[in-house]
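# Per-entry structural report
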Amino acid sequence: MFEQPQTTAEIVASWPLPQGAHLADTIRRDLLATLDAGFDDLDPQTVAALAMGPVLIMLGRLEIDLADARTRIDQLERALRDR
């Protein structure tokens, strides 16, 4: 009748990530490896704290990639206008 509480690893594994989100999947796999190494008794706040560093790194990469893409788009638009 009552569902058994999920383990922290089950919760992390159930996070729905978009297909092709390789960096996010890497963070999830790293968290799962940490939990599988015997740290499955971590509370959700600790798991979130463990994920914050990699998430910030991923966000930084995304910002840089977006800035590069904007620069390339501007360059392509200028090249098309100059034709």
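One can find the structure itself at the top, above this paragraph.
An account of the accompanying structure is given in this report. Keep in mind that what you see is a predicted model, and the values were worked out from it rather than measured.

About the thresholds
- In this convention, every chain numbers its residues from 1, walking through the sequence in written order.
- Totals for whole chains, interfaces and linings use all residues, but because this is a predicted model, local features are given only for residues with pLDDT of at least 70 and pairs of side-chain atoms are given and counted only at 80 or more.
- Values reported for side chains reflect all heavy atoms of the structure, with hydrogen atoms and water molecules removed beforehand.
- Strands are runs of DSSP state E lasting at least 2 residues, helices are runs of H or I lasting at least 4, and numbering of each runs from the N terminus.
- Our radius of gyration is a C-alpha quantity, and the globule rule it is checked against amounts to 2.2 Å times the number of residues to the power 0.38.
- Remark: exposure states derive from per-residue accessible area (1.4 Å probe, protein chains only) relative to the maximum for the residue type, with buried under 20%, exposed over 50%, and partly exposed in between.
- Only the protein chains shown count as cover for residues, and the accessible areas themselves come from Shrake-Rupley with a 1.4 Å probe.
- Residues counted as positive are Lys and Arg, residues counted as negative are Asp and Glu, and His and the chain ends are not counted.
- Taken as the charge centre is NZ of Lys, CZ of Arg, CG of Asp or CD of Glu, depending on the residue.
- As used here, the term nonpolar core means buried Ala, Val, Leu, Ile, Met, Phe, Trp, Tyr and Cys residues forming a set that is joined through side-chain atoms within 4.5 Å.
- Multiply 1.5 Å by the residue count of a helix minus one, and that product is the helix's expected span.
- In this scheme, the bend at a residue equals the angle between the axes fitted to the seven residues that finish there and the seven that begin there.
- Every residue pair with non-hydrogen atoms within 4.5 Å of one another is taken to be in contact.
- Patches here: salt-bridge-free residues with over 30% relative accessible area, like charges joined within 9 Å, nonpolar side chains (Val, Leu, Ile, Met, Phe, Trp, Tyr) joined within 5 Å.
- Criterion for a salt bridge: a side-chain nitrogen of Lys or Arg within 4 Å of a carboxyl oxygen of Asp or Glu.

Turning to the overall build of the chain, a few remarks are in order. Helix and strand counts for the chain come out as 3 helices and 0 strands. Secondary structure elements of the chain, listed N to C terminal, follow the sequence α-α-α. The C-alpha atoms of the chain give a radius of gyration of 19 Å, which is well past the 12 Å a tight globule of 83 residues would have. With the C-alpha coordinates aligned to their principal axes, the bounding extent of the chain is approximately 70 × 30 × 20 Å. Residues classed as buried in the chain amount to 14% of the 83 residues present. Of the roughly 6,900 Å² of accessible surface on the chain, 59% is carried by carbon and sulfur atoms. Averaging the locations of the 8 positively and 14 negatively charged side chains of the chain gives two centres separated by 16 Å.

Moving on, we get to the nonpolar core. One finds Ala9, Val12, Ile27, Leu31, Leu32, Leu35, Leu42, Val47 and Ala51 forming the largest nonpolar core, which totals 9 residues. Mapped by element, the contributors of at least two residues to this core are helix H1 (8-13), helix H2 (22-39) and helix H3 (44-81). Per element, the largest residue contribution to this core is 4 residues, and it comes from H2.

Turning our eyes to something else, we now look at H3. Between its terminal C-alpha atoms H3 stretches 53 Å, which fits the 56 Å expected from 38 residues at 1.5 Å a residue. Roughly 35 degrees is the biggest bend found in H3, and it falls at Met52, with proline Pro54 one to four residues downstream.

Another point: the side chain of Arg28. Assignment of secondary structure puts Arg28 in helix H2. Apart from residues lying up to four places away in sequence, Arg28 is in contact with Val12, Ala13, Trp15 and Leu17.

Right, let's talk about a nonpolar patch on the surface for a bit. A contiguous nonpolar patch, built from Met52, Leu56, Leu59 and Leu62 and spanning about 400 Å² of accessible area, is present on the exposed surface. Residue position: Leu56 is located in helix H3.

Moving on to the environment of Pro54. Looking at the secondary structure, you find Pro54 in helix H3. As for Pro54 and Leu66, which are separated by 12 residues in sequence, their C-alpha atoms are 18 Å apart.

Quick look at the pattern of salt bridges now. If charged atoms from side chains of opposite charge come close, those side chains can pair. Using the criterion set out here, one finds 2 salt bridges in the structure. Close ionic contact of Arg29 with Asp25 constitutes a salt bridge, the shortest N to O distance being 2.9 Å. Pair noted here: Arg29 and Asp25 are both in helix H2, with a separation of 4 residues, about one helical turn. Connected through shared salt-bridge partners, Asp25, Arg28 and Arg29 make up one network.

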